[in-house]
Amino acid sequence: MSPIELNKRQEDILIIVKENGPITGEQIAERLHLTRSTLRPDLAILTMAGFLDARPRVGYFYSGKKTGQAVTDSMMKMKVKDFQSIPVVVNENMTVYDAICQMFLEDVGTLFVVDKNAYLTGVLSRKDLLRTSLGQQDLNKIPVHIIMTRMPNITYCFKNDSLIHAAKKLIDKQIDALPIVKEHTDGYEVIGRLTKTNITGAFLSLAENHDL
Ligand code: ADP
């Protein structure tokens, strides 16, 4: 779907209809000091592109279709907390074997590791666990804190962060998930999980007014 570039006259028509709709083609033409027939192609384009709806004997009215700016505005308003998932946390002393089972059981791609105070200490990805499984070690004897990516190298976000900001962190750091944390004086409590799937869901929600 390519974005539709509206010309100046079409933009003017949209403003008139937004403020005065429903309004007839004749009345729009009058306001623009043009003839009805001159406007006909513009009205057809605006109607076909879904910006305007036309009802017989009522006139044109604004359909509420979002312009590029409006879509950008709603993207900036999206918050992490509106699209988050439940976090799956494991203890630092859990074995790699049990962590692998946990990943399958919970059907997630990233586990967050916490200490005895339930504060974030690490992250375990699928490949962290796979890499360890390639060795000859007994997976029942290795605690996850040996292989996890650990604080302070964990990238996290807060529930009130903008989703765009969090998405940028996922891309910049080339990771699949961020823990959503709440800051305490002595550590970070894990309160949520934000993944690339959540971002895809948010992307889809931008299109929810359109038929897919
Ligand atoms: P995979 O390793 O399965 O491709 P990721 O791309 O998410 O999954 O992880 C890549 C590496 O980055 C792993 O070593 C993982 O421990 C680490 N990692 C994953 N998420 C984070 C995060 N939020 N902060 C810091 N490091 C992370």
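No experiment lies behind these values; they were computed from the predicted model shown.

K.L.:
How do you make sense of the side chain of T95 when you look at a structure like this?
P.N.:
Tracing the backbone through its elements, the reader meets T95 in the loop between β3 (89-91) and α5 (96-106). For T95, a relative accessible area of 16% translates into the label buried. In this structure, T95 is in contact with L139, N140, I142, P143 and V144, ignoring residues within four places of it in sequence.

K.L.:
What should I look at first to understand helix α6 (residues 126-134) in this one?
P.N.:
For an α-helix the count is 3.6 residues per turn, leaving residues at separations of three or four pointing the same way. Regarding α6, the residues found buried are D128, L129 and T132. Buried residues of α6, viewed axially, fall in a sector of 95°; they line one side. In this structure, α6 carries K127, L130, R131 and L134 as exposed residues pointing more than 90 degrees from its buried face. In this fold, the buried residues of α6 make contact with α5, β5 (120-125) and β6 (149-150).

K.L.:
What exactly am I supposed to notice about the packing of aromatic side chains here?
P.N.:
Two numbers describe a pair of aromatic rings. These are the distance of the centres and the angle of the planes. Taken as a whole and judged by the stated rule, the model has two aromatic pairs. Measuring from centroid to centroid gives 5.8 Å for Y156 and F158, while their planes differ by 80°, and the two rings are edge-to-face. Judged by relative accessible area, F158 falls into the partly exposed class, the value being 31%. Ring centres of Y156 and Y188 lie 4.7 Å apart, and the angle between their planes is 35°; this geometry places the pair in the tilted category. With a gap of 32 residues between them, Y156 in the loop between β6 and α7 (163-173) and Y188 in strand β8 (residues 187-195) connect regions that are remote in the sequence.

K.L.:
Is there a simple way to think about the packing of helix α1 (residues 8-20) against helix α3 (residues 36-48) in this case?
P.N.:
Geometry of a packed helix pair, given as the angle between the helix axes and the separation of the axes. Here α1 crosses α3 at 75°, and the two axes come no closer than 10 Å. If you check the angle between α1 and α3, you find them roughly perpendicular. Between α1 and α3, the contacting residues are R9, Q10, I13 and L14 on the first element and T38, L39, D42, L43, I45 and L46 on the second. Its residues placed into classes, the contact of α1 with α3 shows six nonpolar, two polar and two charged.

How each quantity is defined
Residues numbered from 1 in each chain as written. Predicted model: local features only at pLDDT ≥ 70, side-chain atom pairs only at ≥ 80, totals over all residues. Heavy atoms only, no water. Helix = DSSP H or I, 4+ residues; strand = E, 2+ residues; numbered from the N terminus. Buried < 20%, exposed > 50% of the residue type's maximum accessible area, 1.4 Å probe, protein only. Contact = heavy atoms within 4.5 Å. Arc of directions from axis to C-beta. Phe/Tyr/Trp six-rings, centres within 6.5 Å; stacked < 30°, edge-to-face > 60°. Axes fitted to C-alpha atoms, helices over the stretch in contact; angles between N-to-C directions. Parallel < 35°, antiparallel > 145°, perpendicular 65-115°, else oblique. Nonpolar A, V, L, I, M, F, W, Y, C, P; charged D, E, K, R; others polar.

Interpretation note: all reported values are geometric properties and have no functional meaning in isolation.
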